[in-house]
2 protein chains.
Amino acid sequence: MRKVAIVGVGLTKWGVRQATYKELVQEAGKALFDDVEGLEKKDVDSLFVGSALVDRLAFQAYPAPLVAEQLGIEPRRMIMRTEMACVSGQAAIRAAYASIAAGLSDVAVVVGAEKMNVPDMAEAQSSMAAVLDREWDGVNGLNAPPYFAMVAQRHMHEYGTTAEQMAEVSVKNHEFSATNPTAHFPKAVTKEKVLSSFMVAPPLRLLDCSGITDGAAAVLMTHGDLARKYTDTPVFIEGLGQASIGSLVGNLKSLTTWYPLKTAARDALAMAGIAIHDVDVAETHDCFTISEIMEYEDLGLCEKGKGGRFIEEGQSRIGGTLPINTRGGLLGCGHPLGATGVAQAIEIVQQFRAEVPKERYVGGEWGLCHNLSGNANDHAVMVLHRGS
Amino acid sequence: MRKVAIVGVGLTKWGVRQATYKELVQEAGKALFDDVEGLEKKDVDSLFVGSALVDRLAFQAYPAPLVAEQLGIEPRRMIMRTEMACVSGQAAIRAAYASIAAGLSDVAVVVGAEKMNVPDMAEAQSSMAAVLDREWDGVNGLNAPPYFAMVAQRHMHEYGTTAEQMAEVSVKNHEFSATNPTAHFPKAVTKEKVLSSFMVAPPLRLLDCSGITDGAAAVLMTHGDLARKYTDTPVFIEGLGQASIGSLVGNLKSLTTWYPLKTAARDALAMAGIAIHDVDVAETHDCFTISEIMEYEDLGLCEKGKGGRFIEEGQSRIGGTLPINTRGGLLGCGHPLGATGVAQAIEIVQQFRAEVPKERYVGGEWGLCHNLSGNANDHAVMVLHRGS
């Protein structure tokens, strides 16, 4: 099987952007071509586009050829859009990995993009509610904040997790995003500010929630033999895991243990031939503060129920057990659904290239990216390795 | 590289169905599990869902886990939805192929499904118009019928193609669909009926156009070593080609030559190591009668401009150069966007299994499937081989 590497990266500024979906894509594409010396448009044989809500929020179906056109490329091997709600970006990377490993593509661009801020924000909310089973859960108003609020309440009840511990996650991730100029929220916040912010869905306050953000991200991927044509620091994808469990909230086996994450992490680490404690830097899906706490547990970084203490002790900060979300996470960077998974991979690449500010530099050899989607019914994990 | 085979098939009745997206998916899933003796739910490690307009027309985003739940499977290797407008179904098969070939999946279900008939059919039309570039082409009303009408007008002007020749395509495909109980339009039509049907966009009349159809289709895919566990007649995917050219109609290089089809066909045939004249039976994307005529030409079955004569001479009928759309095509079966590409592959499998009525039986050894999407800016071609 051919090895597959990420060999180039491009990011837009994320935020409430006065920019259309197409403009965001152009911007990420330009950043990617600027990043990769010697990349010519004709080199790119394939395109994978991760976008979740483009049909409704940008009123643009079938975005893949449109993205190709914005980038000036004419893919002739594989071209597709992947959609998996909040996992859409990583799904695009996975589809590119499979195509390159299988020999169907040699050089692929992956673009994750989302236009979330629209004139009618009720439409945005209604579109996001459509991610859950419309007829059973969506109709009862169970979109993301109330669902993760239930998760948080239950976690507090079962394990004594506190609002203060959750707030610490937000503080940490905003500390990181403060040094990230592409972040939607590049500004530190205090614990007091988190704990006094607007109550969205008890116990989750505004600063426990990731933002509604426009943004795009792009990576260039190729196989092992070509990787060094484009960069001195290829980052190889060595492990992939994904698991899915039901769709209805009523069918999930637990609110407070994400079994699909345990499976996906185990599979991805096994494929890479490493253990979780070999990972040097990780990006996990902190759509809400409680999510990151549960990810500590279900990734196996601490015992079930000890995630609150893990953040309290600074174990997910630089110098701790495993620095997590050094980019600033979804809490600090915002969450343009399809772009998030791609931007996470970019953070790992930039860590390995030592292209991040020293305040958040970790470096190392092994990275891990995690995304979840919907009511946490699908989890995807990717293990990355710095080429040496 | 591992070989990849289709080893099971399942189809719903297509038409204006009193059934939701979920119900259509259940029905196709049941048909698939009924088809494959010995298939257990736990065998299925991956799921690929091809759906184009589900976000708008079924108001259901993120359909992949929902489909998994309807089928009672819990994928733990790869799960994603693929979207490429009318190529969405073949895109799902291609993603499954890549994942299986790359060793990321062993046993995958592919489901193509679309709910097109909704209470507000203006919404359906508006959603379909969103497939073209909204800001440039969509806003000017350039959805599918007017676009393919321009193509037809230009083809008539350049090559003398006639309305009678186009009508012959509809007659042939309805002749085939008349023996297909799953078809939306299982009834033969005369040339006179086609030529006197309602004028939709000159020169295209109602019976020159594929229908707005609800339906779903599913296939089971696995690698070469496992194929005979599930069937005595595995059908191997031996060639894949896809090419894309721009998005705006103004950027296409020609209305009457589909360069991406020429490229995709060349690549798919080269990968399979055969020539177009080795193909025994083919499914091509007859979204409109003119499309099939151009496909004869750009697949290399006849000279450019001679597609009208090709159908007139019966060369795409059984006994001719290459029997095309024996299933009944999009014209006879209807066109639930994400389901079409999967159903085409099923027709090839059923031809090789000799499971079609004798009136449309061809059999043979090599099959070809073709889809196009949007303003014909993307074409995908797949070459299938009967396992021996």
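Residues numbered from 1 in each chain as written. Chains lettered and ligands numbered in written order. Predicted model: local features only at pLDDT ≥ 70, side-chain atom pairs only at ≥ 80, totals over all residues. Heavy atoms only, no water.

Undergrad: So what exactly am I meant to see when it comes to the overall build of chain A here?
TA: For chain A, the count of helices and strands is 14 helices and 11 strands. For chain A, whose C-alpha radius of gyration is 19 Å, the value lies close to the compact-globule estimate of 21 Å for 388 residues. When its C-alpha atoms are laid out on the principal axes, chain A stretches across 55 × 45 × 40 Å. Out of the 388 residues in chain A, the part that is buried amounts to 69%. In chain A, the share of contacts with a sequence separation of at least 24, taken over all contacts with a separation of at least 6, comes to 77%. Taken as a whole, chain A presents about 12,100 Å² of accessible surface, with 50% of it coming from carbon and sulfur. Averaging the coordinates of the 35 positive side-chain charges in chain A and doing the same for the 46 negative ones gives two points 1 Å apart. (Helix = DSSP H or I, 4+ residues; strand = E, 2+ residues; numbered from the N terminus. Rg over C-alpha atoms; globule rule 2.2 N^0.38 Å. Buried < 20%, exposed > 50% of the residue type's maximum accessible area, 1.4 Å probe, protein only. Contact = heavy atoms within 4.5 Å. Areas by Shrake-Rupley, 256 points an atom, 1.4 Å probe, with all protein chains shown as cover. Lys, Arg positive; Asp, Glu negative; His and termini not counted. Charge placed at Lys NZ, Arg CZ, Asp CG, Glu CD.)

Undergrad: Just to check I follow, could you spell out the relation of the copies chain A and chain B for this structure?
TA: Both copies of the chain are placed relative to one another by a rotation about an axis and a shift along it. After a rotation of 180° and a shift along the axis of 0.0 Å, chain A superposes on chain B with an RMSD of 0.0 Å. The symmetry that links the two subunits is that of a two-fold axis. Taken together, the interface assignments show that 100% of the residues at the interface of chain A recur at the interface of chain B, consistent with an identical surface on both copies. (Least-squares fit on C-alpha atoms with pLDDT ≥ 70 in both.)

Undergrad: Help me understand the interface of chain A and chain B in this model?
TA: How big an interface is tends to be reported as the loss of accessible area on association of its parts. With 65 residues of chain A in contact, the opposing surface of chain B contributes 65 residues. For the pair chain A and chain B, the summed buried area comes to about 5,300 Å², and 53% of that belongs to carbon and sulfur atoms. Across the chain A-chain B interface, the total number found is 10 salt bridges. When the shortest N-O distance is used, the salt bridge between B:Lys253 and A:Glu74 registers 3.6 Å. Here chain A and chain B share 40 residue pairs in polar contact (both at pLDDT 80 or more) between them. Taken together, the elements giving at least two residues each to the side of chain A that touches chain B come down to helix 2 (54–57), helix 3 (63–71), strand 3 (78–83), helix 4 (88–101), strand 8 (235–244) and helix 10 (259–272) of chain A. (Buried area = accessible area lost by both parts, 1.4 Å probe. Salt bridge = Lys/Arg side-chain N within 4 Å of Asp/Glu carboxyl O. Polar contact = N/O pair within 3.5 Å; in protein donor to acceptor, adjacent residues only side chain to side chain.)

Undergrad: I tried to follow helix 10 (residues 259–272) of chain B on my own but got confused; where do I start?
TA: Residues that lie three or four places apart on an α-helix share one face, since the helix turns once every 3.6 residues. With 14 residues, helix 10 of chain B should reach 20 Å at 1.5 Å per residue; the first-to-last C-alpha distance of 20 Å fits that figure. Within helix 10 of chain B, the full set of buried residues consists of B:Pro260, B:Leu261, B:Thr263, B:Ala264, B:Ala265, B:Asp267, B:Ala268, B:Leu269 and B:Ala272. (Expected span 1.5 Å × (residues − 1).)

Undergrad: What's the story with helix 1 (residues 21–35) of chain A in this structure? I'm lost.
TA: All names here are of chain A. The first and last C-alpha atoms of helix 1 sit 21 Å apart over 15 residues, in line with the 21 Å expected at 1.5 Å per residue. Every buried residue of helix 1 is listed here: Tyr21, Lys22, Leu24, Val25, Ala28, Gly29, Leu32 and Phe33. Each buried residue of helix 1 sits inside an arc of 165° when the element is viewed along its axis, so together they form one side. Of the exposed residues in helix 1, the ones pointing more than 90 degrees away from its buried face are Lys30 and Asp34. Of the surrounding elements, those touching the buried residues of helix 1 are strand 1 (4–11), strand 2 (46–50), helix 2, helix 3, strand 4 (107–114) and strand 7 (215–223). (Arc of directions from axis to C-beta.)

Undergrad: Sorry if this is basic, but what is going on with a nonpolar patch on the surface here?
TA: On the surface, A:Phe198, A:Val200 and A:Leu206 cluster together into a nonpolar patch covering about 300 Å² of accessible area. Looking at A:Phe198, the relative accessible area reads 61%, which means it is exposed. (Patch = residues over 30% accessible without salt bridge, like charges linked within 9 Å, V, L, I, M, F, W, Y side chains within 5 Å.)

Undergrad: I tried to follow the environment of B:Asp232 on my own but got confused; where do I start?
TA: Along the chain, B:Asp232 falls in the loop between helix 9 (227–230) and strand 8 (235–244). Sequence separation between B:Asp232 and B:Arg353 is 121 residues, and the spatial gap between their C-alpha atoms is 9.1 Å.

Undergrad: How should I be thinking about the packing of helix 1 of chain A against helix 3 of chain A in this particular structure?
TA: Between two packed helices, both the angle of their axes relative to each other and the distance between the axes serve to describe the pair. Residues and elements named next belong to chain A. Closest axis-to-axis distance for the helix 1/helix 3 pair is 9 Å, and the angle between their directions is 50°. Relative to helix 3, helix 1 is oriented oblique. Both helix 1 and helix 3 take part in a crossing whose hand is right-handed. Residue-level contacts link Tyr21, Lys22, Val25, Gln26, Gly29 and Phe33 of helix 1 to Pro63, Leu66, Val67, Gln70 and Leu71 of helix 3. Split by residue class, the contact of helix 1 with helix 3 holds seven nonpolar, three polar and one charged. (Axes fitted to C-alpha atoms, helices over the stretch in contact; angles between N-to-C directions. Parallel < 35°, antiparallel > 145°, perpendicular 65-115°, else oblique. Left-handed = near helix turned anticlockwise from the far one by under 90°. Nonpolar A, V, L, I, M, F, W, Y, C, P; charged D, E, K, R; others polar.)

Undergrad: Just checking my understanding: could you explain the packing of helix 7 (residues 163–177) of chain A against helix 11 (residues 289–298) of chain A for this structure?
TA: Residue and element names in this part refer to chain A. Across the interface, helix 7 lies against helix 11 with an axial gap of 8 Å and an inter-helix angle of 95°. The pairing of helix 7 with helix 11 is recorded here as roughly perpendicular in orientation. Taking contact as the criterion, the partners of Gln165, Met166, Val169, Ser170, Lys172 and Asn173 in helix 7 are, on helix 11, Thr289, Ile290, Glu292, Ile293 and Tyr296. Looking at the contact of helix 7 with helix 11 residue by residue, the class counts come to five nonpolar, four polar and two charged.

Undergrad: Help me understand the packing of aromatic side chains in this model?
TA: Here the distance between the centres and the angle between the planes together describe a pair of aromatic rings. Residue and element names in this part refer to chain B. Overall, the coordinates contain eight aromatic pairs over all chains when judged by the stated rule. Aromatic pair Tyr147 and Phe148: ring centres 5.1 Å apart, planes at 85°, arrangement edge-to-face. In this pair, the class of Tyr147 matches that of Phe148, namely buried. On the numbers, 4.8 Å between centres and 25° between planes, the contact of Phe148 with Phe288 is stacked. Remark: Phe288 occurs in the loop between strand 9 (281–283) and helix 11 (289–298) and Phe148 occurs in helix 6 (residues 144–159); sequence separation between them is 140 residues. (Phe/Tyr/Trp six-rings, centres within 6.5 Å; stacked < 30°, edge-to-face > 60°.)

Undergrad: Is there a simple way to think about unusual backbone geometry in this case?
TA: Glycine aside, the phi torsion of most residues is negative, and most peptide linkages are trans. All names here are of chain A. At the junction of Pro202 and Pro203, the peptide bond is cis and its omega measures out at 5° in the coordinates. Tracing the sequence through the fold places Pro203 in the loop between strand 5 (199–201) and strand 6 (204–205). Phi at Phe59 takes a positive value of approximately 45°, unusual for a residue other than glycine.

Undergrad: How do you make sense of the pattern of salt bridges when you look at a structure like this?
TA: Oppositely charged side chains can pair when the atoms bearing their charge come close. Applying the stated rule across the entire model yields 57 salt bridges over all chains. A salt bridge links B:Arg81 to A:Glu83, with the shortest nitrogen-to-oxygen separation between them at 3.1 Å. Taken together, the residues span two chains, with B:Arg81 in strand 3 (residues 78–83) and A:Glu83 in strand 3. The pair formed by B:Arg81 and A:Glu83 is uniform in burial state, with each residue classed as buried. Residues A:Arg327 and A:Glu283 are paired through a salt bridge, measuring 3.1 Å at the closest nitrogen-oxygen approach. Residue A:Arg327 is located in the loop between helix 12 (307–312) and helix 13 (329–333), and its partner A:Glu283 is located in strand 9 (residues 281–283); the two are separated by 44 residues in the primary sequence. Residue A:Arg327 is classed as buried on the basis of its relative accessible area, which comes to 3%. By relative accessible area, A:Glu283 is classed as buried at 0%.

Undergrad: Please clarify how the environment of B:Phe59 should be interpreted in this entry.
TA: Topologically, B:Phe59 is positioned in the loop between helix 2 (54–57) and helix 3 (63–71). On a C-alpha basis, the gap between B:Phe59 and B:Tyr21 in space is 9.8 Å, while along the polypeptide they are 38 residues apart. Beyond its immediate sequence surroundings of up to four residues, B:Phe59 is in contact with A:Arg56, A:Ser126, A:Ala130, A:Arg134 and B:Val54.

Undergrad: Whenever I open this one, the pairing of strand 8 of chain A confuses me. Can you help?
TA: The side chains of a regular strand alternate, residue by residue, between the two faces of the sheet. All names here are of chain A. The element strand 8 is extensively covered by neighbouring structure, given that 10 of its 10 residues are classed as buried. Here strand 1 pairs with strand 8 via two bridges, running antiparallel. Directly across from Ala5, in strand 8, lies its bridge partner Phe236. In terms of strand pairing, strand 8 meets strand 11 (residues 378–386) through nine bridges, oriented antiparallel. What sits directly across from Phe236, in strand 11, is His385. (Pairing = 2+ DSSP bridges.)

Undergrad: Can you walk me through the side chain of A:Ser244 in this structure?
TA: Within the secondary structure, A:Ser244 sits in strand 8. Excluding residues that lie within four positions of it along the chain, A:Ser244 makes contacts with A:Pro260, A:Asn377, A:Asp378, B:Pro65, B:Glu74, B:Pro75 and B:Ile79.

Undergrad: Help me understand the pairing of strand 1 (residues 4–11) of chain B, please; the structure alone is not making it clear to me.
TA: Residues and elements named next belong to chain B. With seven of eight residues buried, strand 1 is to be regarded as a mostly interior element. Summarising the sheet, strand 1 and strand 7 (residues 215–223) pair through seven bridges and their orientation is antiparallel. Bridge pairing in strand 7 links Gly10 to Ala218.

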